[in-house]
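Summary of structural features
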Amino acid sequence: MSETMSMTPPLTPPLDQMGKGEGEGDLQMDSDSLDYMDFFMNEFEPSPVKKEKVSSPVTNEGPLIFSCLGEVRWTDNFSNLSCIGRQALASILQYRNPCPTALHSPEVIFHLPCTADNLHFNLVHFFMAVRQGVIELEKGAKSSLCTNQSCHDVQYPKIREDIGTFYNCLVSHVHSLGSEGNEEFLKCVVAEVLDTLLHLGPLHELQQHVTSASSSQGNKCPSAAYHLLHLHLDVRWWSLALIHLIESTLGSLPHCDSRSMDSPFLLVSEPQGAQGASVSEMNEQSPLEQCISLILWDLITIMFREGLKKGVSEMHQVAGFSCTCSQELGLMTLHLLDHRHIRLAKQGFWEKIKYKLLFLLKIYSESCTPAARSSSSSSSPSSSSVLSLEQSNQIIHYPAAIVKEVQLPHIWWIFCNFSQLYGFDMNGKKIVTKSMEIKSETKLLRTLIKMSLSEPRSGHQPTEAELRFYMRCCLSLQQLWGGERSSEWAVALWDYFSKHLDDSFLLPGAGLDGLACVSKTASGWLEQVKSRACDLASVGKNETSWHIFLRTVVGVVETSSAEWRQMRGRIYSKFHQRRMSELSPMGLYNCTTLFLILANTTDLVDVSNKLAELLSLVPTCSVSKARIVWRGFLASTLLLLASGCDISPVVQKFNPIVEAACHEYITSRDAMHRRDLGQLITIYAEGIQEVFDQSHDLTLAQHSLICGGLSGVLQHVGIVETKALLSAMDAALSKVLDISSKPQYLAGGGGMGSEVVEVIWKEFGTFIKSQATTLTPPAALASVAASLTFCLGRESSSSTSGLREAALGLFTYFLTNEAVNPLCTIQYTSSLLDRPGSMSLMSSMCSAYEGLLISGWLSALVILGDCEEVIVLTSKIRTLPSTTAVLPHQPLPCPFAAAKSLVRGVSKKFSETENFTARMTYRDAVLQYFCGLDKALVNLMKKVPPLNHLPNILEIVAALFFNAHSIIYIKSRPTCPMPSLISTVLLPSAVYTAEKPLNSLLASSLANTLPKMVCGLGCLGLAQDPYLVRCVKDVFTHYIYRFPVKTSKNYTTTTHPFIICLHDAEVREEVLHELRPIFLEVVRDSYLGKRGVSTLHLHIVISLILELLNRNTYEWLEGISSLLLLPLLELMLTLEDHATKRVATDLLQKVLQEAENQDTPLRGKLVKCVRQLVVQHVSWSSARLFRVLSVLGVLHRELLVDCLPHIAQAVTATEEKRGTGLDHTLRHGYQTLLASLGVNEGDIKPS
């Protein structure tokens, strides 16, 4: 029994097809088979189609002819001006007159009015005129001058219009006739129609430019080729309509010639099987069946010629019909045949097409074998075995000779174009809902797939371009039909692709464009999967045949659970341990992509678990495969996460692979292998980050993804891997904070994400601490540490109490450990303060958190200066409660100014606190602010800071000494900040080496800050603290010679810092009164009274004393006279440097002169000093002594005259001690001194 197929549910087979035995046809198809592969083992023979019967009247209005809109667009509806749009088809199917107005106002055509009577009695005349018009159009189409325009003497549009009018009138007249008394006329109409079709001939005999003639101008186009083609279409449609109407009136028509009613009339000859008939049915073809065959073969001819113009990569972009009119003819023929199938159980449209396509497949199949090609070239036409030579010359032979060039893409294209016609209704409107697929179509598609992907005889394998075209066809058919029973042909596709998973599916010579689809991240991979699953019809330009196949699979499995079960079993059965180990990296990528797209479309958990199981079977020796495996696991995890599914089953299979890679990274000594393993770790870290970024809650076992082997490998990985891992942990902790801050979780008591926090602390805690002490910590380290501190501190349950202790340890480590990189401390503090609720959290962990934060800020400021990070932190430090209370509200220009304001504010608040207990409590609190500055200063001194950095830092230290000395110095507490600051800034070890000059920047900075520091020490009360006195003396001793007394530069005079300290300081007088004697003692003991002192240093010291004396004689004269006069005179005894001697003489002169003028000190004190000088030096340095005394006599004669008795006595005592009598040298010096004073020896009174 031959099989029927349509786009509607199949009815009971016609009675004339039932009851046939197996021997009644050479071609018998098994209706239960899935394809037609056995069909190609049979031979075709010419056979007419059996007759059909139609009995449905129609009505409509006319005249109607095809009107072209140019290129076919499958998304557009047919125009309302088209034949189908003007109800030409609908009227016939509804038994209405398709041309109801054609005879109302008869036109004169072919020299006769087209009336019913003229049609009845002059029918032959009209048809002869039609044939003559065809000849005129053929002549015009052959002329090269008339290809695109009409000749001046022949109006081609008018010829076609007259012929169309005639056919419209004839159709209207035939529709109005009944069977009684009109049988002979109607039979003549049939004969003339068939003769005219025979005269027109097949479309494949027309020239190429005629069958492709289309125009968006429609029937206004003057081209003869255009009108010739469309006349063929007009005549074919109206001939089909006429015969259909006549059959509806008379019943089955005899298939006889118009000239001899007894001889059969054969319009077309086609191979047996192309109509689904046997040889015994050749003479039973009705005129309607022959007309249908003519139309369908001509449509195939049009599409085949259009296909030859296009390459296989371009065919999917255009329709197969040359214009909208040929598409319209096919659509109207489709609905007419399916109407007959439903009403009369005749063969539908698809049954007619199916056998013709099978014949084309037969031709292609035989052409693939050399034996078939040689036999076909030597054999005669197949029609000669049935038809006589005379009959053969009087009928139209199909298929055309051009069909010998047929290729599989052409057959696919024709198949798809005919299938697309089912997307329109009988009014030419696009159908929105999908049509129901038919078994025959599925079988033919499966046959096409089998022959295309692996031709059974030649073993030909398709190219990638052909594969892409075939897959596009399958996808469009699946979109058109829906998915019912689509697994029957999709399985055939999978059988092919399962054997070619290792292929890259790239076009030869097209570069690597197709590889752009291979994503480098799990999320990107998943996005590609989702894009192909969501919008199936949106096929990208560079998508490979494999990608289009995946879209097709999605469409199949989405249809129903039954289709999914069919595909699931076939797909799963292809993968096992050996197959997974044999797959190349590309094959592994394709396999994983398939499972991801199935998981996204169907049973997510089942497919994900299966994918994890398969990926765990892949050997880990290949790093290139491992990359695919790791990304596959991560993509599967993301897919589960997006659907709210627990990821632990997949992660449990993934974690052992990660642990093994980490262990191998640690133990491997191969640098290249370690690099490859590092790339895997980076992929893993990026995957973790993507998982947490896309998490909406933390109840899906996300913590299990953080592998337990990370703690061991962290100390060995490189910069790239470290950065990726820290970024992943930062994302995880940020997600914990984000989710736990939501109201629904806060109301539940928190605890959300505690597993994540605990595993991060366990795996990364030690690593974070160790990395913080490096010279260049990773950029994200501080942020991760701050987030981890915050997360650990928020855990309040009893089960996680140890986490809060860990938070406190991490907090104090970053803020107090001197080994931590200062930049890391700054970033850590900033990140911590950025968190909402951070202050309340820190206060709950550590009551002294403000002191630690401010101390860390100041230490970082000392080391780093006013860098961007410090500036940012400064604004946050100002928001602390303790700093808000002491800092001014107006903005401060820089962090240095903020630090100085903080010192002044703290000092002011401390001094204004009256209650002793409150003062002590406040001092203990703020003392923490300045702890650690000494270590920061040590680090600063080891390097060369920027130009303005050191001066600003020393100003802060000076502010501490000057304003906050009572806070930073506690006599009973050796660990207070001031001693360490003194040893670091004021008195470092380098300053004790006189020969080593200070750094110029340090010296200039100290010149401005030293006075405040010394005065701050003086304010503490030196008299009762030997330590402070010793420190002040050391400062005076080692800095007095390091600065010039007075310098001028750019009209600016700079004085020695000790002048400011001892004369111009804004401190209490009592402080200056304490400092000045100490200073003079230092000058006396360390310079004037000390041997071996550099003359340069002496010059500076004496000049400084002279400057101080000049500035305030009253304050300094008494002390200098008492402490420095004798050392100065003794120094002058041995002084050889003229410059130093001159300045010493100037100082002596100033002292003596002011003493004489002010009578201070008393004359007796000065005489005592001179007497001591003489007694000590007259025995050993008499010559120098009398020289100095002579200078003294010049400077102050009265003083020296008062001293003469003591001098005489000292000379006499010296002579007596020597026991040698008079010493002429001493006597000469003494007499010379007396002479210079103008005093006689006898006038001297004994002392």
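Residues numbered from 1 in each chain as written. Predicted model: local features only at pLDDT ≥ 70, side-chain atom pairs only at ≥ 80, totals over all residues. Heavy atoms only, no water.

Take the overall build of the chain next. Within the chain, the secondary structure is distributed over 54 helices and six strands. Looking at the chain as a whole, 56% of its 1247 residues qualify as buried. Counted over contacts in the chain with a minimum sequence separation of 6, partners at least 24 positions apart contribute 78%. Total accessible area on the chain stands at roughly 51400 Å², and carbon and sulfur atoms take up 52% of it. (Helix = DSSP H or I, 4+ residues; strand = E, 2+ residues; numbered from the N terminus. Buried < 20%, exposed > 50% of the residue type's maximum accessible area, 1.4 Å probe, protein only. Contact = heavy atoms within 4.5 Å. Areas by Shrake-Rupley, 256 points an atom, 1.4 Å probe, with all protein chains shown as cover.)

Across all of its chains, the model carries 34 salt bridges by this definition. The salt bridge involving arginine 236 is made with aspartate 298; its shortest N-O contact spans 2.5 Å. Placement of arginine 236 in helix α7 (residues 224-250) and of aspartate 298 in helix α8 (residues 287-309) is noted, with a sequence separation of 62 residues between them. Classification of arginine 236 by relative accessible area gives buried; the value is 1%. (Salt bridge = Lys/Arg side-chain N within 4 Å of Asp/Glu carboxyl O.)

What follows deals with α8. What sets the pattern is the α-helix's 3.6 residues per turn: residues three or four places apart point alike. An ideal rise of 1.5 Å per residue puts 33 Å on 23 residues; α8 measures up with 34 Å between its terminal C-alpha atoms. α8 sits mainly inside the fold: 21 of its 23 residues count as buried. (Expected span 1.5 Å × (residues − 1).)

In this section: the side chain of glutamate 328. Position of glutamate 328 among the secondary structure elements: in helix α9 (residues 324-344). Despite its burial, glutamate 328 pairs with no opposite charge; the closest candidate is arginine 160, at 8.5 Å N-O. One polar contact links the side chain of glutamate 328 to the main-chain amide nitrogen of cysteine 83, over a distance of 2.7 Å. Excluding residues within four positions of it along the chain, glutamate 328 makes contact with Phe66, Phe78, Ser82, Cys83 and Ile84. (Lys, Arg positive; Asp, Glu negative; His and termini not counted. Polar contact = N/O pair within 3.5 Å; in protein donor to acceptor, adjacent residues only side chain to side chain.)

In this section: the packing of helix α52 (residues 1182-1195) against helix α53 (residues 1197-1218). Put simply, α52 and α53 touch, their axes get as near as 8 Å, and they point 155° apart. The pairing of α52 with α53 is recorded here as roughly antiparallel in orientation. α53 is crossed by α52, and the crossing has left-handed handedness. Contacts between α52 and α53 involve Phe1186, Leu1189, Leu1192, Gly1193 and Leu1195 on the former and, on the latter, Arg1197, Leu1199, Leu1200, Ile1207 and Val1211. Among the residues making up the contact of α52 with α53, the classes are represented as eight nonpolar, one polar and one charged. (Axes fitted to C-alpha atoms, helices over the stretch in contact; angles between N-to-C directions. Parallel < 35°, antiparallel > 145°, perpendicular 65-115°, else oblique. Left-handed = near helix turned anticlockwise from the far one by under 90°. Nonpolar A, V, L, I, M, F, W, Y, C, P; charged D, E, K, R; others polar.)

Membership of the largest hydrophobic core comes to 418 residues, with the highest contact counts inside it found for Phe166, Trp237, Trp630 and Phe1079. The element that contributes the greatest number of residues to this core is α7, accounting for 16 residues. Not counting the four nearest positions on each side in its chain, phenylalanine 1079 is found in contact with Phe1036, Ile1040, Phe1058, Leu1062, Leu1104, Ile1105, Leu1108 and Trp1116. (Core = buried A, V, L, I, M, F, W, Y, C linked by side-chain atoms within 4.5 Å.)

On to unusual backbone geometry, then. Look at the link from tyrosine 398 to proline 399: it is a cis peptide, with omega at -5°. Position of proline 399 relative to the elements: it lies in the loop between β4 (396-397) and α13 (408-420). The phi dihedral of tyrosine 95 falls on the positive side, at around 60°, and the residue is not glycine. In the Ramachandran plot, alanine 345 falls in the positive-phi region, its phi being about 60° despite a non-glycine side chain.

Moving on: the packing of aromatic side chains. By the definition in use, this model includes 43 aromatic pairs. With a centroid separation of 5.8 Å and 10° between ring planes, the pair formed by tryptophan 297 and tyrosine 398 is classed as stacked. With tryptophan 297 in helix α8 and tyrosine 398 in the loop between β4 and α13, this pair connects stretches of sequence that are 101 residues apart. Each of the two residues, tryptophan 297 as well as tyrosine 398, counts as buried. Centre to centre, the rings of tryptophan 494 and phenylalanine 575 are 6.0 Å apart; their planes meet at 40°, and the pair counts as tilted. Note that tryptophan 494 is positioned in helix α16 (residues 487-497) and phenylalanine 575 in the loop between α19 (561-572) and α20 (577-582), a separation of 81 residues in sequence. We note that tryptophan 494, like phenylalanine 575, is buried. A network of ring pairs unites the aromatic residues Trp494, Tyr496, Phe497, Phe505, Trp546, Phe549, Tyr572, Phe575 and Phe595 as a single cluster. We note lysine 430 situated over the ring of phenylalanine 424; from NZ or CZ to the ring centre the distance is 4.6 Å. The side chain of lysine 769 reaches across the aromatic face of tyrosine 813, ending 5.5 Å from its centre. (Phe/Tyr/Trp six-rings, centres within 6.5 Å; stacked < 30°, edge-to-face > 60°. Lys NZ or Arg CZ within 6 Å of the ring centre and 35° of its normal.)

At their nearest, the axes of helix α3 (residues 123-142) and helix α5 (residues 183-200) sit 11 Å apart, and the two run at 10° to each other. Classed by the angle they form, the pair α3 and α5 counts as roughly parallel. Between α3 and α5 lies a crossing of right-handed hand. Contacts between α3 and α5 involve Leu123, Val124, Phe127, Val130, Arg131, Val134, Ile135 and Glu138 on the former and, on the latter, Phe185, Cys188, Val189, Glu192, Val193, Asp195, Thr196, His199 and Leu200. In terms of residue class, the contact of α3 with α5 is built from eleven nonpolar, two polar and four charged.

Our next topic: the side chain of threonine 544. Here threonine 544 is to be found in the loop between α17 (522-534) and α18 (545-557). On the basis of relative accessibility, which here comes to 3%, the residue threonine 544 falls in the buried class. Once residues lying within four places of it in the same chain are set aside, the contact partners of threonine 544 are Glu464, Arg468, Ser504 and Phe505.

In the predicted model, the chain carries a mean pLDDT of 83, and 87% of its residues have values of at least 70. For residues 39-62, every residue scores under 50 in pLDDT, and the model assigns this stretch 149 contacts once sequence neighbours within four places are set aside. Note that residues 144-153 has pLDDT below 50 and, in this model, 16 contacts with residues that lie over four places away or in other chains. (pLDDT = per-residue confidence, 0-100.)

So, on to the environment of leucine 781. Relative to the assigned elements, leucine 781 resides in helix α30 (residues 781-794). On the basis of relative accessibility, which here comes to 0%, the residue leucine 781 falls in the buried class. Separated by 51 residues in the primary sequence, leucine 781 and aspartate 730 have C-alpha atoms spaced 8.7 Å apart. For leucine 781, the contacting residues outside a window of four places in its chain are Leu726, Ile768, Gln771, Ala772 and Cys824.

Inspection of the secondary structure puts isoleucine 877 in helix α35 (residues 868-877). Taking the relative accessible area as the measure of exposure, isoleucine 877 reaches 1% and is therefore buried. In this structure the C-alpha to C-alpha distance between isoleucine 877 and threonine 829, which are 48 residues apart in sequence, comes to 9.3 Å. Residues within four places of isoleucine 877 in sequence aside, it is in contact with Leu833, Leu853, Ile854, Trp857 and Thr883.

Turning to the state of the cysteines, a few remarks are in order. In a disulfide, the sulfur atoms of two cysteines are held together by a covalent bond. Applying the stated rule across the entire model yields zero disulfides. Considering cysteine sulfurs only, cysteine 68 is the nearest to cysteine 325, which forms no disulfide, with 4.3 Å between them. Assessed through its relative accessible area of 0%, cysteine 325 is described here as buried. (Disulfide = S-S within 2.5 Å.)

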